[in-house]
Amino acid sequence: MKKILLAGGGTGGHVYPNIALLPALERRGFDVIYGGAEGDSVEARVAALNGLDFFGVPCVKLVRSMSPAALRNNLTIPSVLSRGVDAARKVLREQAPDVVFSKGGFAALPFVLAAAKEGVPLLCHESDSTLGICNRIAKAKGATVLAAYPDAKFGEFVGMPVREELFCKDRTAARRALGIAENAKVLLVVGGSSGASVFNDAITKLFLPLTELCTVVHIAGRGKTEGLHPRSERYIPVEYSDDMGSLYAASDLVLSRAGATAVAEIAALKKRAIFVPLPKGISRGDQIPNAELARKYGATVLVQDDKFIHRLYPAVKKSMEGAPMRSISCDANGKIAYFADVTMRRGVKCKDKKR
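Points about the overall build of the protein chain
Move 1: Scanning the protein chain from terminus to terminus reveals 15 helices and 13 strands.
Move 2: Over its C-alpha trace the protein chain gives a radius of gyration of 21 Å, about what one expects of a compact globule, namely 20 Å for 355 residues.
Move 3: Overall, the C-alpha framework of the protein chain stretches about 70 × 50 × 35 Å when taken along its three principal axes.
Move 4: Looking at the protein chain as a whole, 53% of its 355 residues are labelled buried.
Move 5: Expressed as a percentage of contacts within the protein chain between residues at least 6 apart in sequence, the contacts between residues at least 24 apart total 64%.
Move 6: Surface exposure of the protein chain reaches about 16200 Å², of which carbon and sulfur atoms provide 53%.
Move 7: Separation of charge centres in the protein chain, based on 50 positive and 35 negative side chains, amounts to 6 Å.

Quick look at unusual backbone geometry
Move 1: For Ala-96, which is not a glycine, the phi torsion comes out positive at approximately 50 degrees.
Move 2: Along the chain, the position of Ala-96 falls in the loop between helix H5 (77-95) and strand S4 (99-102).
Move 3: You can call Ala-96 partly exposed: its relative accessible area is 48%.

Brief notes about the pattern of salt bridges
Move 1: For the coordinates displayed, the defined rule picks out 16 salt bridges.
Move 2: Where Asp-252 meets Arg-171, a salt bridge forms, and the shortest distance between an N and an O atom there is 3.0 Å. Within this pair, whereas Asp-252 is found in the loop between helix H11 (244-250) and strand S11 (253-256), its partner Arg-171 is found in helix H8 (residues 171-178), the two being separated by 81 residues in sequence.
Move 3: Residue classification places Asp-252 among the buried residues on the basis of a relative accessible area of 13%.
Move 4: For Asp-201, the salt bridge goes to Lys-205, with nearest N and O atoms at 3.3 Å. Note that Asp-201 and Lys-205 are positioned in helix H9 (residues 197-205) at a spacing of four residues, about one turn of the helix.

Some remarks on the confidence of the model for the protein chain
Fine structural detail should not be taken from predicted coordinates in areas where pLDDT scores are low.
Move 1: The share of residues in the protein chain with pLDDT of 70 or more is 95%, and the mean pLDDT across the chain is 90.
Move 2: Across residues 348-355, confidence stays below pLDDT 50; counting only partners more than four residues off in sequence or on other chains, it has one contact.

With respect to the pairing of strand S3 (residues 54-57)
Move 1: Every second residue of S3 is oriented toward a common face, the buried set being Phe-55 and Val-57 and the non-buried set Phe-54 and Gly-56.
Move 2: Sheet topology note: the strand S2 (residues 30-37)/S3 ladder contains four bridges and is parallel. Within S3, the position partnered with Gly-35 by the bridge is Phe-55.

Topic: the environment of Ala-114
Move 1: Within the fold, Ala-114 resides in helix H6 (residues 109-118).
Move 2: Residue Ala-114 is classed as buried on the basis of its relative accessible area of 0%.
Move 3: Ala-114 sits 26 residues away from Ala-88 along the chain, and the two C-alpha atoms are 5.8 Å apart.
Move 4: Setting aside residues up to four positions removed in sequence, Ala-114 forms contacts with Val-85, Ala-88, Arg-89 and Leu-92.

Calculation rules
Residues numbered from 1 in each chain as written. Predicted model: local features only at pLDDT ≥ 70, side-chain atom pairs only at ≥ 80, totals over all residues. Heavy atoms only, no water. Helix = DSSP H or I, 4+ residues; strand = E, 2+ residues; numbered from the N terminus. Rg over C-alpha atoms; globule rule 2.2 N^0.38 Å. Buried < 20%, exposed > 50% of the residue type's maximum accessible area, 1.4 Å probe, protein only. Contact = heavy atoms within 4.5 Å. Areas by Shrake-Rupley, 256 points an atom, 1.4 Å probe, with all protein chains shown as cover. Lys, Arg positive; Asp, Glu negative; His and termini not counted. Charge placed at Lys NZ, Arg CZ, Asp CG, Glu CD. Salt bridge = Lys/Arg side-chain N within 4 Å of Asp/Glu carboxyl O. pLDDT = per-residue confidence, 0-100. Pairing = 2+ DSSP bridges.

Next up, the structure:
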């Protein structure tokens, strides 16, 4: 059987697109294993939940700050990365994957460099409109580059992987499980696994008008429900959910950050949406073009500034009655699985030519 190692982690945005590929890869006959950061990483947990053999290696994230803690962290990058690459090379030798697929992020980088050193065909996928550090390095090492962003200046456009199970959830059953009336208007607030302080603050300050308008399902982030209003018929606070499909199915409108995975999933599900991109400085600014892309496909976009809370309620009220988003791409999962197959075969041919 053909074998593929999926690499990527640190955040759900680098993990769940990999997991979304599993059915398409299995249909093409691939045995799938997963590589990422050692320890209790999000990718280790998600790989285990999906029955995948996981191989963790030392990893370290570049912290974009000039604080003393950030500087101390960044000074460890060369030594930790070197140990990570050595460990990843050992994994590749022992597991002998036919191709490595990188979703990017610091947890994928050791496997990218190891694949280049070991001569394993390498494929990478970029979610955003510009290449992140890991994928820039992968491209320089000769990886086949795939793009989720339609107007990207690099690689082959395939779209963003979306989990097939998101489309299998029943709206009525999802609402019944949450205790939401069938005829209620529902706003789903998605701050991610870490939550979004700006969303939590806004929901607290706008609690009365929002809950008069609709039922609010609020994903606040792990350990961040303290201080929020208690659960009621019109307000359902959640720390984190492993069943986003049901929450999406129950909702009429989604308020979310503009991560590439969120934009792709919400568009594919054809939900009404309001996106609030992370400002440049807090991130590398990649969510801003993601949000603009979402706007082209029917979403509302709000800027995170000192007027955000004042703009939010009118935006929710208007968007709740507006048109849903249109899907941005088609069959990204199948296209990526195809490229994994092709990259593996081309890699073998290239190695044969060098002998």
